[in-house]
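What follows is the residue order along each chain.
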Amino acid sequence: MTSIELINPADETVLRSVTHTTLAEVDDAILHAVSAQREWAALAPAERAAGLRRFAAAVDGAVEELAMLEVANSGHPISQARWEAGHVRDVLTYYSAAPERMLGSTIPVAGGIDVTFLEPVGVVGIIVPWNFPMTIAAWGFAPALAAGNAVVLKPAEWTPLTALRLAELALEAGLPEGLFQTLPGRGDVVGERFVSNENVRKIVFTGSTATGKKVMAGCAHQVKAVTLELGGKSANVVFADADLEKAAAAAPYSVFENAGQDCCARSRILVERSVLDRFLELLEPAVAGVKVGPVTDESTEMGPLVAKAHFDKVASYVPDDDQVAFRGSAPTGPGFWFPPTVLLPTSRTDRVVTDEIFGPVVSVLPFDDEADAIALANDSIYGLSGSIWTRDVGRAIRVSRAIESGNLSVNSNSSVRYSTPFGGFKQSGLGRELGPDAATAFTETKNVFISTD
Ligand code: NDP
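Caption draft 1: View of the packing of helix α2 (residues 45-61) against helix α4 (residues 78-95). Contact geometry of α2 with α4 gives a least axis separation of 8 Å together with a crossing angle of 170°. When the axis of α2 is compared with that of α4, the two are roughly antiparallel. Two packed elements cross with a definite hand, and for α2 against α4 that hand is left-handed. Packed against α2, whose contacting residues are L52, F55, A56, V59 and D60, the element α4 presents A85, V88, R89, L92, T93 and Y95 at the interface. Of the residues contributing to the contact of α2 with α4, the split by class is eight nonpolar, one polar and two charged.

What follows is the structure in structure tokens.
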């Protein structure tokens, strides 16, 4: 296939087709990136910082345009899509401070001075999924550019439109040609070429754990650096002493936002057995209250699934009403609409409890005590995010330390802030994105000893 026809997931209309990048074009783009990177790295740090601020300003001027592209291409509700575009601007602004703060060390040694430099790795290949096409891309490209690298970006086949526009905006903002290129195409062509091309010195991959393992194995051949942000099956742990009203009101949004297509989705709600009935009584109206509907409506909170193939995968986890406790609503007619669905699995090993469904489906499971809650939360190959609801500060700290996960929140379900590190334990990933150290992750430390003899 040399092109893909993009389908609006909310109504199944054809948007446009996008031509795939060929292998030869990928190699050319990478060569172009190599020379653009040299030009970029040779600029004064303050000039690179100014370039990133101009890029942020260009994104700011295009927030509405980018949001509308995401609404059409990915089926995101407009208010969410506007937030995403604004987040890209904010991530660029945050990392625009980095070029002038890439600090090395001075290390006391005998016979001279010893200093370290944080050198850019060169060309960075970023491979992103379809669930948050522009925000996840920005988590890679903003710190990578800030550290003096060039970027080639492969969007997911289904959702390339915002990534293509962002590369245009970089040019409009005056960044050197070739410094930031979006190369749409297939994962097993463009993505694999990023991994196998020796001029790409680091891969940032976000997507499924299965593909992440392949990418990591491919990087091993060239000892290529790799950051992986993979799947999740995060736990929302509700203790009996929690503010149950608040926990239940917030729970739907921790798993149904973006129609559950979120690696941080709290798709297992673990509730202390003594308050399970009360919690479910509170959860049912909260789920019914999630506004699922027209994606251009400002008040819509959840849109459709991204594609028919993905809809079929999610639906296969709920073949009948067997384990369904209750559901929310969803439009009927065209579009890949799936209602928010709450399951009460009878077994802790059911595949709805263990697999990343990546749709608006949540399992509620009871636990007996703190030790059982921790064991159940950790009974997963994943460890990306999670929440702990309790009024007991000591327990909040004990459980936060005991859960094997990269991003936890107490009495809150918030996972992502551009100023704090993000990433997974176990098979949820390798390395961290965002936060104050992200640009450093796109550098090699060089040590130089200068003799005073
Ligand atoms: P993938 O992991 O296959 O896709 C993620 C990205 O990797 C896409 O850009 C894809 O390209 C690319 N890719 C695919 N194969 C290769 C390869 N061999 N080498 C390099 N890049 C490659 O995810 P899927 O889209 O298939 O989603 C499957 C499931 O993965 C979901 O249902 C969900 O459970 C999970 N997932 C988790 C995400 C997360 O954020 N943690 C994000 C997305 C999915 P292309 O689009 O062309 O396939």
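Caption draft 2: Fine view of the domain arrangement of the protein chain. Split by domain assignment, the protein chain resolves into domain 1 (3-230 + 428-451) and domain 2 (235-417). One C-alpha centre belongs to domain 1, the other to domain 2; they are set 30 Å apart. With 28 residues of domain 1 at the interface, the matching set in domain 2 holds 30 residues. When domain 1 packs against domain 2, close to 2,300 Å² is buried across both sides, 62% of that on carbon and sulfur atoms. Across the salt bridge formed by E298 and R82, the nearest N and O atoms sit 3.2 Å from each other. Residue assignment for the side of domain 1 that touches domain 2 shows that the elements contributing at least two residues are α3 (63-74) and α4. A total of five residues in the side of domain 1 that touches domain 2 trace back to one element, the largest contributor, which is α4.

Caption draft 3: Layout of the sheet that holds strand β7 (residues 180-182). Pairing in this open sheet of six strands is mixed, and the strands run β7-β6-β5-β8-β9-β17 from one edge to the other. On the outer flanks of this sheet lie β7 and β17 (429-430), each paired with one strand and no other. The pairing of strand β6 (residues 150-154) with β7 spans three bridges and is classified as parallel. Each residue of the ladder has a partner; that of V151, found in β7, is F180. Sheet strands in contact with helix α1 (residues 23-42) are β5 (123-127), β6, β7 and β8 (200-206), and its direction is about 150° off that of β6. Packed onto the sheet, helix α8 (residues 209-221) meets β8, β9 (225-229) and β17 and runs at close to 175° relative to β9.

Caption draft 4: Layout of the site of the ligand. Residues in close proximity to the ligand total 27 residues, the closest being V128, W130, S208, L230 and K313. The separation between an oxygen atom of the ligand and a polar side-chain atom of S208 is 2.7 Å. Between an oxygen atom of the ligand and a side-chain N or O atom of K313, the distance comes to 2.6 Å. For the ligand, the accessible surface in isolation is 850 Å², of which the surrounding protein chains cover 86%. Sorting the residues of the shell around the ligand by element identifies α7 (187-196), β8, α8 and α11 (308-315) as the ones contributing at least two each. In terms of residue count, the dominant contributor to the shell around the ligand is α7 (three residues).

Caption draft 5: Layout of the side chain of N131. By the element assignment, N131 lies in the loop between β5 and α5 (133-146). You can call N131 buried: its relative accessible area is 2%. A distance of 3.3 Å separates a polar side-chain atom of N131 from the backbone oxygen of Q261. The residues touching N131, leaving out its near neighbours within four places in the chain, are H76, I136, N258, Q261, D262, C263 and F358.

Caption draft 6: Seen up close, the environment of I269. By the secondary structure assignment, I269 is in strand β11 (residues 268-272). Judged by relative accessible area, which is 1%, I269 ranks as buried. Between the alpha carbons of I269 and G185 there is a distance of 37 Å; along the sequence they are 84 residues apart. Discounting residues that sit within four places of it in the chain, I269 has contacts with N236, V238, A251, F279, L283, V362, S363, V364 and L365.

Caption draft 7: Main features of the side chain of T300. Structurally, T300 can be placed in the loop between α10 (276-288) and α11. Polar contacts involving the side chain of T300 include one to the main-chain carbonyl oxygen of P294, which spans 2.6 Å.

Caption draft 8: Seen up close, the packing of aromatic side chains. Scanning the entire structure with this criterion turns up ten aromatic pairs. Seen from their ring centres, Y94 and Y95 are 4.8 Å apart, and the 85° between their planes marks the pair as edge-to-face. A relative accessible area of 27% means that Y94 is categorised as partly exposed. A connected cluster of aromatic rings, assembled from ring pairs, spans F55, F141 and F180. Cation over ring: R351 sits above Y317, and NZ or CZ is 4.0 Å from the ring centre. For R395, the ring lying beneath its charged end belongs to F239, and the centroid distance is 4.3 Å.

Caption draft 9: Representation of a nonpolar patch on the surface. A surface patch of nonpolar side chains, about 240 Å² in accessible area, is lined by I107, V109 and F449. Positionally, F449 belongs in strand β18 (residues 443-451). On the basis of relative accessible area, F449 is assigned to the partly exposed category, the value being 44%.

Caption draft 10: Just the pattern of salt bridges, in detail. In this structure the tally under the stated criterion is 20 salt bridges. Across the salt bridge formed by R348 and D372, the nearest N and O atoms sit 2.9 Å from each other. Residue R348 is found in the loop between β13 (341-343) and α12 (351-354), and its partner D372 is found in helix α13 (residues 370-378); the two are separated by 24 residues along the sequence. The class of D372 is buried, set by a relative accessible area of 14%. Residues joined by salt bridges that share partners form a network here, namely E65, R165, E168 and E172.

What counts and how
Along each chain, residues carry numbers from 1 onward, in the same order as the chain's sequence is written. Where local features are concerned, this predicted model is filtered to residues with pLDDT of at least 70; where side-chain atom pairs are given and counted, the filter is 80 or more; whole-chain, interface and lining totals use all residues. Computation of side-chain values: all heavy atoms of the structure, hydrogens and water removed. Each axis is a line fitted through C-alpha atoms, taken for helices only over the stretch in contact, and angles between the N-to-C directions span 0 to 180 degrees. Strands are runs of DSSP state E lasting at least two residues, helices are runs of H or I lasting at least four, and both sets are numbered from the N terminus onward. Any angle that falls under 35 degrees is termed roughly parallel, while one over 145 is termed roughly antiparallel, one within 65 to 115 roughly perpendicular, and all others oblique. By convention the crossing between two helices is left-handed if the near helix lies anticlockwise of the far one by an angle smaller than a right angle, and right-handed if it lies clockwise. The criterion used for residue contact is that any of the two residues' heavy atoms lie within 4.5 Å. Classification convention: Asp, Glu, Lys, Arg as charged; Ala, Val, Leu, Ile, Met, Phe, Trp, Tyr, Cys, Pro as nonpolar; all other residues, Gly among them, as polar. The source of the domain bounds is an automatic or database domain assignment. Buried area adds together the accessible area that both of two parts lose upon being put together, with accessible area traced by a 1.4 Å probe. One speaks of a salt bridge when a side-chain nitrogen belonging to Lys or Arg is within 4 Å of a carboxyl oxygen belonging to Asp or Glu. Two strands qualify as a pair provided DSSP detects at least 2 bridges between them. Nearness is judged by heavy atoms alone; a residue qualifies as near a molecule or strand once a single heavy atom is within 4 Å of it. Any N or O atom pair separated by 3.5 Å or less is treated as a polar contact, with the protein-specific requirement of one donor-capable and one acceptor-capable atom, and with residues adjacent in sequence counted only for side-chain atom pairs. Using a 1.4 Å probe, accessible areas were evaluated by the Shrake-Rupley method; residue-level cover was limited to the displayed protein chains. Residue burial is assigned from relative accessible area. The probe radius is 1.4 Å, only protein chains are included, and a residue is buried under 20% of its type maximum, exposed over 50%, and partly exposed in between. Any Phe, Tyr or Trp ring, taking Trp's six-membered ring, that has another such ring centre within 6.5 Å forms a pair; planes under 30 degrees apart are called stacked, those over 60 apart edge-to-face, and the others tilted. Only Lys NZ and Arg CZ are tested; either one counts as a charge over a ring when it is within 6 Å of the ring centre and within 35 degrees of the ring normal. Patches in this entry comprise residues that are over 30% relatively accessible and not in a salt bridge; like charges within 9 Å are linked, as are nonpolar side chains (Val, Leu, Ile, Met, Phe, Trp, Tyr) within 5 Å.

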